[in-house]
Amino acid sequence: MRYNSKENYCSSSPDVILGVNINRGCYLHDRHYRNERDVRFTRKKADQLLRDYIYKDLANSNQDFQIRSPREWKLKKYILFKSSSKILIQFRKNIAFPVSRIYYYTVRVFGEKHYV
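Residues numbered from 1 in each chain as written. Predicted model: local features only at pLDDT ≥ 70, side-chain atom pairs only at ≥ 80, totals over all residues. Heavy atoms only, no water.

Visitor: Tell me about the overall build of the chain, and name the residues and values.
Guide: Within the chain one finds 4 helices and 4 strands. Moving toward the C terminus, one meets the helices and strands of the chain in the order β-β-α-α-β-β-α-α. The C-alpha radius of gyration computed for the chain amounts to 15 Å, which stays within 12% of the reference 13 Å derived for 116 residues, consistent with globular compactness. Expressed along its principal axes, the backbone C-alpha trace of the chain runs to roughly 40 × 35 × 25 Å. Counting over 116 residues, the chain shows a buried share of 36%. Counted over contacts in the chain with a minimum sequence separation of 6, partners at least 24 positions apart contribute 60%. Summing over all exposed atoms, the chain offers an accessible surface of approximately 7800 Å²; the carbon and sulfur share of this is 53%. Counting 24 positive and 11 negative side-chain charges, the chain places the averaged centre of each group 4 Å from the other. (Helix = DSSP H or I, 4+ residues; strand = E, 2+ residues; numbered from the N terminus. Rg over C-alpha atoms; globule rule 2.2 N^0.38 Å. Buried < 20%, exposed > 50% of the residue type's maximum accessible area, 1.4 Å probe, protein only. Contact = heavy atoms within 4.5 Å. Areas by Shrake-Rupley, 256 points an atom, 1.4 Å probe, with all protein chains shown as cover. Lys, Arg positive; Asp, Glu negative; His and termini not counted. Charge placed at Lys NZ, Arg CZ, Asp CG, Glu CD.)

Visitor: An account of the packing of helix H2 (residues 43–60) against helix H4 (residues 96–110) is requested, with residue identities and associated values reported.
Guide: Following both chains from N to C, one finds H2 and H4 inclined at 155°, their axes separated by 9 Å at the closest point. By the angle between their directions, the pair H2 and H4 is classed as roughly antiparallel. In this structure, H2 crosses over H4, and the sense of that crossing is right-handed. The segment H2 lies against H4, with Arg43, Lys44, Asp47, Gln48, Leu50, Arg51, Ile54, Tyr55, Leu58 and Ala59 engaging Ala96, Phe97, Val99, Ser100, Arg101, Tyr103, Tyr104, Val107, Arg108 and Val109. Looking at the contact of H2 with H4 residue by residue, the classes come out as 12 nonpolar, 2 polar and 6 charged. (Axes fitted to C-alpha atoms, helices over the stretch in contact; angles between N-to-C directions. Parallel < 35°, antiparallel > 145°, perpendicular 65-115°, else oblique. Left-handed = near helix turned anticlockwise from the far one by under 90°. Nonpolar A, V, L, I, M, F, W, Y, C, P; charged D, E, K, R; others polar.)

Visitor: Explain the state of the cysteines residue by residue, including any values.
Guide: For the coordinates displayed, the defined rule picks out 1 disulfide. Here Cys10 engages in a disulfide with Cys26; their sulfurs sit 1.8 Å apart. Its torsion about the S-S bond being 100°, the disulfide of Cys10 and Cys26 is classed as right-handed. Here Cys10, found in the segment before strand E1 (16–17), pairs with Cys26, found in helix H1 (residues 23–33); they are 16 residues apart in sequence, far enough to count as distant. (Disulfide = S-S within 2.5 Å.)

What follows is the structure, encoded as structure tokens:
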């Protein structure tokens, strides 16, 4: 299975955080969870991989800052707020560390049943 940037690999969680697509990290994380790798990571290592991708993506992105609806409404996610403000983009970069850790701990707590 090859990576497709248009796919939603973060099926149980947001695939976009504050305007940044984190699909690549979710794709790699899922491959380890489903044992689709020649050298498979432990569950903890796979979760750390996802955490690190989220941090890197949030810390390095210059995409517009966005706040989206938490759920899909009529099969479409709505953008509730969007801004190209440098202050908000910098704010997202500044909170990349705590956001990636919150995501990581949430996956650690709720993801165990998905690890094959």
